[in-house]
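Fold and geometry: a report
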Amino acid sequence: MPVSDNQLVEMFEHVLTLSNVTPSESVAILKSHYSNPRIVDAAFNAAQRLGAKVYGVELPALNPPKAMGNDMTAYCGDTPLTGNKAAQTALEAADLIVDTMMLLHSPEQEQILKTGTRILLAVEPPEVLARILPTLEDKRRVVAAEKVLKTAKKMRVTSAAGSDFTMSLGDYPTVTEYGFADEPGRWDHWPSGFLFSWPNEESANGKLVIDIGDILLPFKTYCRESITLTIKDGFITDITGGFEAEYLRDYMAYFKDPEVYGISHVGWGLQPRAQWTAMGLHDKNDGMCMDARAFNGNFLFSTGPNTEVGGTRKTPCHMDIPLRNCTITLDDEVVVVNAGEVVFPNTLSE
Ligand SMILES: [Fe+2]
């Protein structure tokens, strides 16, 4: 349902306060012509109300030749900031950037974060921002899970649908998203509430069955039939099933790049206010559907790049695939059980 401009400003004030914005800080609002002007205005107004020094950085849109569709997660790599040193410098000068255009997964973003600048991405519709307004409790829940994931050496994912997928962990960092950027150099995304890492190279093996009702992003579709992925030594080697499998096969083949079949981040959702059903109530161009990535107990599997954490796989194709009804085991500890229930660490009921 619609959110008033006043409520939107109040929400931004809340999230910027959680992000530790102070009157002595500079806040840059990064935008392009396709940014939601209401979100841009609310971010400006909220930062001003907190006494911060606010300025805007507007960049032209970028349309890579191979990109299809309007979902900004569908193409990784180059961004409107690529090669624009003046804009890069202006952004690095900020203490916090509110990104309303999406710099996700770019070397330029990594460079900005290294200077200590914090980045908060906010590109979802106001209704979604309101329903998944972050809280300190969200952070506590995600950070408790981070302690488990970052020391784990092995992840196994099984399901009644037939998945049995294992990988080694530990070579890549664990990344958390809890909805606010409260520490120097931190990137976060409002709304979110999940965590992930990347399998050690060549260690992911097994079978992953994407079942009826599981979600394919950026297609923004619920699977109506199952798709079986065969994974060997870190790469998908076979995609079988009916029409849904054929569609996925054709989409990934379109990029003509063997790297698209690599396994990217893996993790699980920890956000009770995110809903598996929400995607069905939105148009495809409403946003990037963070509900699907964050809903409680989903196993979030993905394909493609790992450059954002220092890996060498730079490829534009990135699929995020949240699966329901999986059991996720880290070493010998079950963290999510069959029904998608988060059981460890047990922070939801505390
Ligand atoms: Fe992803």
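Structural data are supplied above this passage.
Quick look at the structure, then. If you're wondering where the values come from, they're calculated on a predicted model, not measured in any experiment.

Turning our eyes to something else, we now look at unusual backbone geometry. Where the residue is not glycine, phi is negative for most of them; where a peptide bond is considered, it is trans in most cases. Residues L217 and P218 are joined by a peptide bond in cis, for which omega reads 15°. Cis geometry is found at the peptide bond from F344 to P345, where omega equals -10°. In this structure, P345 sits in the segment after β20 (341-342). In the Ramachandran plot, C289 falls in the positive-phi region, its phi being about 65° despite a non-glycine side chain. Relative to the helices and strands, C289 is located in the loop between β15 (263-269) and α8 (290-294). Owing to a relative accessible area of 10%, C289 belongs among the buried residues under this scheme.

Protein-derived coordination of the iron ion comes from H265 (NE2), H318 (NE2), D320 (OD) and D320 (OD), at a distance range of 2.1 to 2.6 Å. Because the angles between the four donor atoms bound to the iron ion fall within 53 to 132°, the donor set is best described as irregular. When the donor residues of the iron ion are listed from N- to C-terminus, their spacing reads H-x52-H-x1-D. When its relative accessible area of 3% is taken as the criterion, H318 is described as buried.

Neighbouring strands of a sheet are bound in pairs by backbone hydrogen bonds; such pairs are parallel or else antiparallel. With parallel pairing, the five strands of this open sheet are ordered in space as β2-β1-β3-β4-β8. Two strands bound the open sheet, and with one partner strand each, they are β2 (53-58) and β8 (187-189). Strand-to-strand twist across the sheet, computed as the mean angle between neighbouring axes with direction ignored, equals 20°. Relative to β2, strand β1 (residues 26-31) runs parallel, the two being bridged by six bridges. Along β2, the bridge assignment pairs I29 with G56.

Reading the values: rules and limits
- Residues numbered from 1 in each chain as written.
- Predicted model: local features only at pLDDT ≥ 70, side-chain atom pairs only at ≥ 80, totals over all residues.
- Heavy atoms only, no water.
- Helix = DSSP H or I, 4+ residues; strand = E, 2+ residues; numbered from the N terminus.
- Buried < 20%, exposed > 50% of the residue type's maximum accessible area, 1.4 Å probe, protein only.
- Donors = N, O, S within 2.8 Å, 3.2 Å for Na, K, Ca; no water.
- Tetrahedral: all angles 85-135°; square planar, octahedral: opposite > 155°, others 65-115°.
- Pairing = 2+ DSSP bridges.
- Axes fitted to C-alpha atoms, helices over the stretch in contact; angles between N-to-C directions.

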